[in-house]
Amino acid sequence: MAVSLTQGVNAQSSGAQDAASLRQVFQTITAESCPRFYNFHMHTVCSDGKLQPEQLMEQAIAIGLSGLAITDHHSTGGYFRAQRWLSSLQPAWVDDAENPASRPLPRLWAGMEITAELLADEVHILCYAFDPAHPDLHVYQQGQSVDGDARQAGRVIAAVHRAGGLAVLAHPARYKRSPQELIPAAADLGIDGIETYYAYNNPSPWQPSPRQTEEVRQLGDRLGLLHTCGTDTHGLDLLQRL
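Residues numbered from 1 in each chain as written. Predicted model: local features only at pLDDT ≥ 70, side-chain atom pairs only at ≥ 80, totals over all residues. Heavy atoms only, no water.

Engineer: Please give an account of the overall build of the chain that cites residues and values.
Structural biologist: Secondary structure assignment for the chain yields seven helices and 10 strands. When burial is assessed residue by residue, the chain has 53% of its 242 residues classed as buried. At a minimum sequence separation of 6, the contacts of the chain that also span at least 24 residues come to 74%. When the accessible surface of the chain is split by element, carbon and sulfur atoms take 49% of a total near 10400 Å². (Helix = DSSP H or I, 4+ residues; strand = E, 2+ residues; numbered from the N terminus. Buried < 20%, exposed > 50% of the residue type's maximum accessible area, 1.4 Å probe, protein only. Contact = heavy atoms within 4.5 Å. Areas by Shrake-Rupley, 256 points an atom, 1.4 Å probe, with all protein chains shown as cover.)

Here it is as structure tokens:
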């Protein structure tokens, strides 16, 4: 089956800021979604990861991901490089199950991870499907965390929403305060979702931590939040965290 790469890249470009389409995907996420179908938490050399963005995309295609987001800390540089790499491919893309290098392209959404303060605790907020050029996000795209009022979780969430995106509390069971404290507080500030499926102890093979997953999932369901998943890859393998 032949698929036009031009059409695929155009769809990704128009959909990169499409929060509605990503929201629909998040509504389907389960414990089995990551790491071989979707992955919404990955880092490149544009922050503290080891993969070049182009290498990350090659792996994503080889794995067979349907959708992903590069979530570098305070940077969208990796996302833009991944987009450019996609647009540089040949004009036709052949779906050949015997040849991993010819598998269909995954959907790429804009992503970024922002350090924020919530209940006097340092937390990370994952941002998705936003307009990277929106002026309210400029302060968060300088390669380092911010101070002052801009660091408050409510300010971060509001800025992401003004840029048309979705805000998600990353790995909610990794902070000083408990998920039972942080998740309702984030929900009160308008956060859209939580990173429910996360491997806290870096197991091999990757799998979401059962106890934390159930705890976080129940809180999210009660509060009407979206559930997301991601490996939080910082190393050279998208199937692991480190």
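Engineer: How would you sum up the sheet that holds strand β5 (residues 107-109)? Please name residues and give values.
Structural biologist: Pairing within the open sheet is parallel, and its three strands lie in the order β2-β3-β5. Taken across any chain shown, the strands that pair with only one partner, and hence form the sheet edges, are β2 (38-39) and β5. In this structure, β2 lies alongside strand β3 (residues 67-69), joined through two bridges in parallel fashion. The residue of β3 that forms the bridge with asparagine 39 is leucine 68. (Pairing = 2+ DSSP bridges.)

Engineer: Tell me about the side chain of histidine 74, and name the residues and values.
Structural biologist: Mapping histidine 74 onto the fold places it in the loop between β3 and α4 (77-87). Look past the residues within four positions of histidine 74 in its chain and what remains in contact with it is Met112, Glu113, Ile114, Thr115, Tyr140, Gln141, Gln142, Gly143, Gln144 and Ser145.

Engineer: Break down the environment of isoleucine 157 for me, citing the residues and quoting the values.
Structural biologist: Position of isoleucine 157 among the secondary structure elements: in helix α5 (residues 153-162). For the pair formed by isoleucine 157 and leucine 169, sequence separation is 12 residues and the distance between their alpha carbons is 9.8 Å. Leaving out residues up to four positions away in the same chain, isoleucine 157 has contacts with Ile125, Ala167, Ala186, Leu189, Gly190 and Ile191.

Engineer: Before we move on, could you go through the packing of helix α3 (residues 53-63) against α4 and cite the residues and values that matter?
Structural biologist: Between α3 and α4, whose axes approach to 8 Å, the crossing angle comes to 60°. Viewed along their axes, α3 and α4 adopt a mutual orientation that is oblique. Crossing hand, α3 versus α4: right-handed. Residues Pro53, Glu54, Met57, Glu58 and Ile61 of α3 form the contact with α4, whose participating residues are Gly78, Arg81, Ala82, Trp85 and Leu86. By residue class, the composition of the contact of α3 with α4 is six nonpolar, one polar and three charged. (Axes fitted to C-alpha atoms, helices over the stretch in contact; angles between N-to-C directions. Parallel < 35°, antiparallel > 145°, perpendicular 65-115°, else oblique. Left-handed = near helix turned anticlockwise from the far one by under 90°. Nonpolar A, V, L, I, M, F, W, Y, C, P; charged D, E, K, R; others polar.)

Engineer: Account for the packing of aromatic side chains, naming residues and giving values.
Structural biologist: Under the definition given, this model contains seven aromatic pairs. Ring geometry for phenylalanine 26 versus tyrosine 128: centroids 5.5 Å apart, planes at 70°, classification edge-to-face. Taken together, the residues span a long stretch of sequence, with phenylalanine 26 in helix α2 (residues 19-26) and tyrosine 128 in strand β7 (residues 121-128) at a distance of 102 residues. According to the relative accessible area criterion, phenylalanine 26 is buried, its value standing at 1%. Three or more aromatic residues joined by ring pairs form one cluster here, namely Phe26, Tyr38, Phe40, Trp109 and Tyr128. (Phe/Tyr/Trp six-rings, centres within 6.5 Å; stacked < 30°, edge-to-face > 60°.)

Engineer: Give me the lowdown on the environment of aspartate 232, citing residues and values where you can.
Structural biologist: Assignment of secondary structure puts aspartate 232 in the segment after β10 (226-229). The exposure class assigned to aspartate 232 is buried, which follows from its relative accessible area of 2%. Placed 160 residues apart in sequence, aspartate 232 and aspartate 72 show a C-alpha to C-alpha distance of 9.9 Å. If sequence neighbours within four positions are ignored, aspartate 232 has contacts with His41, His43, His171, Arg174, Tyr198 and Arg241. Separated by 3.1 Å, the side chains of aspartate 232 and histidine 43 make a polar contact. A polar side-chain atom of aspartate 232 sits 3.1 Å from a polar atom in the side chain of arginine 241. (Polar contact = N/O pair within 3.5 Å; in protein donor to acceptor, adjacent residues only side chain to side chain.)

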